[in-house]
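Fold and contact review
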Amino acid sequence: MRIGITCYPTYGGSGVVATELGKALARRGHEIHFIAYAPPQRLTHVTEHIYFHEVRVNTYPLFEYPPYSLALTSKMIDVVKHEQLDLLHVHYAIPHATSAVLARQILACEGIHIPVVTTLHGTDITLVGQDPSFAPVVTHAINASDGVTAVSDYLRRETHGHFEVEREIEVIPNFVDTDRFTRQQKGHFKQAIAPNGEKLLIHVSNFREVKRAGDVVHVFHRLHEGGLNGNGPGVKLLLVGDGPDRPAAEALARELGVYGDVRFLGKQEPIEEILSVADVFLMPSGSETFGLAALEAMSCGVPVVSSDIGGLPELNVHGETGFLCPLADIDCLTDATHRILTDSTLHERMAKAARQRAVEQFDIDRIVPQYEGFYQQMIDRVENADPAPVGGCA
Ligand code: GMT
């Protein structure tokens, strides 16, 4: 198949999922055309069957807000026509789904009928999409897409609950390459970061408010004060990623007197090398439709302590792969982390279960064929349908 993929290239999990999906599809022989304003971050090198088409938005003195969605639509039309695409797959509804639906309508005037698949990821439904300035457009784009997928059952339910959407939404969960995200021997790195055998907590995020990075620092402070330092090998915290809340997290670590044992590593690749030295992954998010960063940690055999919200219970099984705590419950998060760090049998059991769950439920080779099957269904449906009359054609 020849597939056009649009995503946010520089920010967040939806871009990671879209890019890894495109790369996996290319490895399986499909031709993948990324259409975005910049090359996706995880597209580190362009390989066979992968192409990138840049969307450029012309500035003009009249445009206080240059209309990216329209430039994207025009680029989609161009790529569909010249690369003879079979399908457009857009990640994150705003504005990508709207641009694709409009491109499909314009192409239909030229007798080209291309299916549009929209994957819903997170705040396009749970937060931003519900804002009255976007909601009617998001609703229309979801209803008008040929196929819609959501990354968790929670997100599917939220979409039906908050938008006037009756149509079917297919749940295709996020995935991980369990061959790449596997625990590696990183003795030197561990020695450098934890020279006295300290336990390592890790948090990976884009440090937006919703990630509650401050809670991570509070949990670490409690563990630091409450016995893990002094009575044992000690504990350290690795904070990976960057974003608006990072300065506040740094300030809090200083204020609480634990800054010396916190390492702010910034954006890092390959992340699996850092995950490989961690003992517990903390994800105290206030909203999370899936929690891709937690899945990557699980795949590296790191138990997860997370909040019990959104799609996280579909990923992190309480008492098996880690623990779930009520939102913002620092006591619970601290106790759960303490239990795992101080009971080596429990740690070993959870690390093994986390890895096993990643491999058995969310491996890339299990999930990518679900997308292929879904694409084929959409292509067949469009091919076999009587083309609906199109209004507004010249
Ligand atoms: O919705 C967001 O805030 C960003 C979004 C993204 O596009 O990066 O993240 C969401 O998509 C990820 C990939 O499917 C999920 O793993 C994250 O849980 C989800 N984030 C939120 O729901 C906050």
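All values reported here derive from a predicted model rather than from experimental measurement.

1. What to know about helix H3 (residues 96-108)
Taking 1.5 Å per residue, 13 residues should reach 18 Å; H3 reaches 18 Å between its end C-alpha atoms and fits that length. Looking at H3, one finds that the buried residues are His96, Ala97, Ser99, Ala100, Val101, Ala103, Arg104, Leu107 and Ala108. In this fold, the buried residues of H3 make contact with strand E1 (2-6), helix H2 (68-82), strand E4 (87-91), strand E5 (116-120) and helix H5 (135-144).

2. Notes on the environment of Lys211
Of note, Lys211 is situated in the loop between strand E8 (199-204) and helix H8 (213-231). Its relative accessible area of 10% is what places Lys211 among the buried residues. With 77 residues separating them along the chain, Lys211 and Glu288 place their C-alpha atoms 8.5 Å apart.

3. A closer look at the site of the ligand
The environment of the ligand is made up of 17 residues, and the closest members are Gly13, Ser14, His121, Thr123 and Glu288. Here an oxygen atom of the ligand and a side-chain polar atom of Arg208 are 2.9 Å apart. Take Glu288: an N or O atom from its side chain is 2.7 Å from an oxygen atom of the ligand. In the complex, 96% of the free accessible area of the ligand, which totals 480 Å², lies under the protein chains. With 3 residues, the top contributor of residues to the shell around the ligand is helix H1 (residues 13-27).

4. Details of the pattern of salt bridges
Taken as a whole and judged by the stated rule, the model has 21 salt bridges. In this structure, Asp153 and Arg157 form a salt bridge, with 2.9 Å as the shortest nitrogen-oxygen distance. Taken together, the residues Asp153 and Arg157, both in helix H6 (residues 153-162) and 4 residues apart, mark about one turn of the helix. Taking relative accessible area as the criterion, Arg157 reaches 45% and is therefore assigned partly exposed. With its nearest N and O atoms 2.7 Å apart, the salt bridge here joins Asp215 to Arg212. Judged by its relative accessible area of 9%, Asp215 is buried. Each of Glu20, Lys23, Arg42, Arg180, Glu269, Glu272 and Glu296 takes part in salt bridges that share partners, so that together they form one network.

5. Let's talk about the domain arrangement of the protein
On domain assignment, one finds that the protein holds domain 1 (2-175 + 364-384) and domain 2 (187-362). For domain 1 and domain 2, the distance between their C-alpha centres works out to 32 Å. Each partner contributes to the interface: domain 1 provides 20 residues, whereas domain 2 provides 18 residues. Of the roughly 1,400 Å² buried at the junction of domain 1 and domain 2 (both faces included), carbon and sulfur atoms supply 53%.

6. A look at the environment of Ile114
As for its placement among the helices and strands, Ile114 is situated in the loop between H3 and E5. Ile114 gets classed as buried once you look at its relative accessible area, which sits at 2%. A C-alpha to C-alpha distance of 5.6 Å links Ile114 and Leu87, two positions 27 residues apart in sequence. Excluding residues that lie within four positions of it along the chain, Ile114 makes contacts with Val80, Leu85, Asp86, Leu87, Leu88, Arg104, Leu107 and Asp146.

7. Topic: the packing of helix H11 (residues 292-299) against helix H14 (residues 344-362)
Where H11 contacts H14, the axes come no closer than 7 Å and their chain directions differ by 115 degrees. Regarding the angle of H11 to H14, the classification is roughly perpendicular. On the side of H11, the interface is formed by Leu295, Met298 and Ser299, while H14 contributes Ala354, Arg355, Arg357, Ala358 and Phe362. Its residues assigned to classes, the contact of H11 with H14 comprises 5 nonpolar, 1 polar and 2 charged.

The rules behind the values
- Residues numbered from 1 in each chain as written.
- Predicted model: local features only at pLDDT ≥ 70, side-chain atom pairs only at ≥ 80, totals over all residues.
- Heavy atoms only, no water.
- Helix = DSSP H or I, 4+ residues; strand = E, 2+ residues; numbered from the N terminus.
- Expected span 1.5 Å × (residues − 1).
- Buried < 20%, exposed > 50% of the residue type's maximum accessible area, 1.4 Å probe, protein only.
- Contact = heavy atoms within 4.5 Å.
- Near = heavy atom within 4 Å.
- Polar contact = N/O pair within 3.5 Å; in protein donor to acceptor, adjacent residues only side chain to side chain.
- Areas by Shrake-Rupley, 256 points an atom, 1.4 Å probe, with all protein chains shown as cover.
- Salt bridge = Lys/Arg side-chain N within 4 Å of Asp/Glu carboxyl O.
- Domains from an automatic or database assignment.
- Buried area = accessible area lost by both parts, 1.4 Å probe.
- Axes fitted to C-alpha atoms, helices over the stretch in contact; angles between N-to-C directions.
- Parallel < 35°, antiparallel > 145°, perpendicular 65-115°, else oblique.
- Nonpolar A, V, L, I, M, F, W, Y, C, P; charged D, E, K, R; others polar.

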